[in-house]
2 protein chains.
Amino acid sequence: MPDEVEVAATQRVRNPWGQGERLRTEILDAAGRLFSELGGEEALTIRGVARAVGIAPASIYQHFADKAALVRGVIEHDYERLSAVMREADESVADDDVVGRVRAQMHAYCRFAVENPGHYRLMLGNRRPAGQGEAGQRPQGPLVPILGAVVAAFERCEQAGKRLRMPSERAAVMVFVGTHGRVALYHSNPEDGGADRILPFVDELISLVFD
Amino acid sequence: MPDEVEVAATQRVRNPWGQGERLRTEILDAAGRLFSELGGEEALTIRGVARAVGIAPASIYQHFADKAALVRGVIEHDYERLSAVMREADESVADDDVVGRVRAQMHAYCRFAVENPGHYRLMLGNRRPAGQGEAGQRPQGPLVPILGAVVAAFERCEQAGKRLRMPSERAAVMVFVGTHGRVALYHSNPEDGGADRILPFVDELISLVFD
DNA sequence: ACAGTTGCCGAACGATTGTTCAGCAACTCA
DNA sequence: TGAGTTGCTGAACAATCGTTCGGCAACTGT
């Protein structure tokens, strides 16, 4: 019982150096970079991250309870990054160009997937062990919330009078999933063309769901 | 120099028991099963395979030079399996039902991907280190030859007079890649529906590329 | 029946993994 | 200035990995 109180107090205390939080994100960034280069949860080692940051392996445990927590942190950190670039791309297009906003979102998705093959692989490969999610939280894969933004973009298209060949949510899944699969094909065979081959495909896919 | 001769002679000698080859495929099957359940190259251990087969870890090395050779064997074995089920599905449909043959192929692909999550993950996650392929062999990802069968099916559609909204090869990529992506979404979030949610999506995707 | 070959096993080796712990150095507060 | 707290480190732990080696048992041809 006194243990809990002490732990809580320890966590609440601020770092007097003012560097602790910065090192945490530094670890997160380095781990993310290794993720991108190596790809795969097993390829990411505590020692490797520590070496990349320039600290001792034991220091990792001052910021993350264990390796699983570090991996969760990297995943969370990078999904926010992907969501951010898609949101920025969405907002960088004029409001009345509703289709252009869909295209901008998907192009941003492609760029991110090409530039971060490791994270991309993680998005697919994350097997979610039973009971990993918080209690009461409906279990959902990491792609689902991102898909939500695409659905919203298609609903804006419908409200702007654009004619779709199917309900907006279904169109969003169609485009998102097709883009996702095209990127998978690229990662399976990167030799023949990169983003310059992917983006036209995505554009044609988008035009396909409109009437 | 005499070493090479002796090794070659050893490899050429047939197994007098007549069981060696059978055990090899037994190892391959067990490794494939573990691949399906665990998913991921790193999760597949020599000791785990040996335990699954019921033999000593050292015995694996009588049939595979090292772990990389075992993994290559599993990949090859299972791609042939996937190609086989897609070919069987293709041939199980009447010749004049050209669109039905496309659907049968893609449905078989979905079933395989749902029933073998590990292999599916492998199809995506296989990072091909430089110089792994045989010399003179154009490097290509594992999805590419399978895609070829889909292209052929769409070319048959065109020859039968079906109108496509794009060149047959592009339509094949569109459908294949969209199906592939839909399966990825399923694996990312298996809770909401399985094959019964995937197959209608695939059917709609196929109908989308026809005029 | 006997020598020769072959496939499998038990045991071990070195390397690497995640993780823990005591101690040292740098900072804050009185 | 001195006590107290905090972050980081070096060293070590047990576990697990791929892999190797000598020996045993089952089969072959003669």
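What counts and what doesn't
- Per chain, the residues get numbers from 1 upward, laid out in the order the sequence is written.
- Throughout, the order in which chains and ligands are written sets their labels, letters from A for the former and numbers from 1 for the latter.
- Only residues with pLDDT of 70 or above have their local features reported here, since the model is predicted, and side-chain atom pairs are shown and tallied only from 80 upward, although totals for entire chains, interfaces and linings are computed over all residues.
- Excluding hydrogens and water, the side-chain values take into account all heavy atoms of the structure.
- Looking at any residue, its pLDDT shows the predictor's confidence there, from 0 to 100.
- Residues are treated as being in contact if the distance between any of their heavy atoms lies within 4.5 Å.
- Exposed residues in this analysis have more than 50% of their type's maximum accessible area, buried residues have under 20%, and partly exposed residues fall in between, with area computed by a 1.4 Å probe over protein chains only.
- Here a strand is any run of E in DSSP of at least two residues, a helix any run of H or I of at least four, and the numbering for each starts at the N terminus.
- Aromatic contacts are taken between Phe, Tyr and Trp rings whose centres are within 6.5 Å, Trp giving its six-membered ring; a plane angle under 30 degrees counts as stacked, one over 60 as edge-to-face, and the others as tilted.
- A ring is scored as having a charge over it whenever the NZ atom of a lysine or the CZ atom of an arginine sits within 6 Å of its centre and within 35 degrees of its normal.
- Note on definitions: angles span 0 to 180 degrees between N-to-C directions of axes, and those axes are lines fitted to C-alpha atoms, for helices only across the stretch in contact.
- Oblique is the label for any angle not under 35 degrees, not over 145, and not in the 65 to 115 range, which are roughly parallel, roughly antiparallel and roughly perpendicular in turn.
- In this text, buried Ala, Val, Leu, Ile, Met, Phe, Trp, Tyr and Cys residues form a nonpolar core when linked through side-chain atoms within 4.5 Å.
- Crossings are assigned a handedness: left-handed for a near helix turned anticlockwise from the far helix by less than a right angle, right-handed for a clockwise turn.
- Gly falls in the polar group here, along with every residue not listed as nonpolar (Ala, Val, Leu, Ile, Met, Phe, Trp, Tyr, Cys, Pro) or charged (Asp, Glu, Lys, Arg).

A.B. asks: It is not clear to me how the confidence of the model for chain A should be interpreted in this structure. Could you clarify?
C.D. replies: A low pLDDT score tells you not to read the predicted coordinates there in detail. Residues and elements named next belong to chain A. The predicted model of chain A has a mean per-residue pLDDT of 81, with 79% of residues at 70 or higher. Per-residue pLDDT stays below 50 along residues 1–18; that stretch engages in one contact with residues further than four places along the chain or on separate chains. Taken as a whole, residues 128–139 scores under 50 in pLDDT and shows ten contacts with residues more than four places along the chain or in a different chain.

A.B. asks: Hey, could you run me through helix H3 (residues 46–53) of chain B in this one?
C.D. replies: Residues three or four positions apart in an α-helix share a direction because the helix packs 3.6 residues into each turn. When we look at burial in H3 of chain B, the residues that qualify are Ile46, Gly48, Val49, Ala50 and Val53 of chain B. Phi turns positive one or two residues past the end of H3 of chain B, at Gly54 of chain B, with a value near 95°.

A.B. asks: What is the right way to look at the packing of aromatic side chains in this model?
C.D. replies: Any pair of aromatic rings gets described here by the distance separating the centres and the angle formed by the planes. Evaluated as defined, the whole model comprises four aromatic pairs over all chains. Against the face of Phe201 of chain A rests Arg182 of chain A, its NZ or CZ located 5.8 Å from the ring centre.

A.B. asks: Would you mind going over the packing of helix H8 (residues 168–188) of chain A against helix H9 (residues 195–209) of chain B with me for this structure?
C.D. replies: In helix packing, the relevant descriptors are the interaxial angle and the interaxial distance, both defined with respect to the helix axes. Closest axis-to-axis distance for the H8 of chain A/H9 of chain B pair is 12 Å, and the angle between their directions is 80°. Taken together, H8 of chain A and H9 of chain B sit at an angle that is classed as roughly perpendicular. Only Pro200, Phe201, Glu204, Leu205 and Leu208 of chain B of H9 of chain B make contact with H8 of chain A, whose side of the interface consists of Arg170, Val173, Met174 and Val177 of chain A.

A.B. asks: What should I look at first to understand the nonpolar core in this one?
C.D. replies: One recurring pattern in soluble globular proteins: nonpolar side chains tend to sit buried together. In terms of nonpolar packing, the biggest core is built from 87 residues, with Phe154, Phe176 and Val209 of chain A together with Met106, Phe154, Phe176 and Val209 of chain B touching the most fellow members. A per-element tally of this core places H8 of chain A first, with eleven residues. Residue contacts for Met106 of chain B: discarding those within four places in its chain leaves Val150, Val175, Phe176, Thr179, Val202 and Ile206 of chain B.

A.B. asks: Explain the packing of helix H4 (residues 67–91) of chain B against helix H7 (residues 143–159) of chain B to me, please; I cannot follow it from the model alone.
C.D. replies: All names here are of chain B. The N-to-C vectors of H4 and H7 enclose an angle of 15°; their axes lie 10 Å apart at closest approach. By the angle class used here, H4 and H7 are roughly parallel. Crossing angle aside, the handedness with which H4 passes H7 is right-handed. Contacts from Tyr79, Leu82, Ser83, Met86 and Asp90 of H4 reach H7 at Ile146, Val150 and Arg156. Partitioning the contact of H4 with H7 into residue classes produces five nonpolar, one polar and two charged.

A.B. asks: Which parts of the structure should I look at to understand the environment of Phe64 of chain B?
C.D. replies: All names here are of chain B. As for its placement among the helices and strands, Phe64 is situated in the loop between H3 and H4. Measuring from C-alpha to C-alpha, the distance between Phe64 and Ile27 comes to 9.8 Å, with 37 residues separating the pair along the chain. Not counting residues within four places of it along the chain, the set of residues in contact with Phe64 comprises Arg24, Ile27, Leu28, Ala69 and Leu70.

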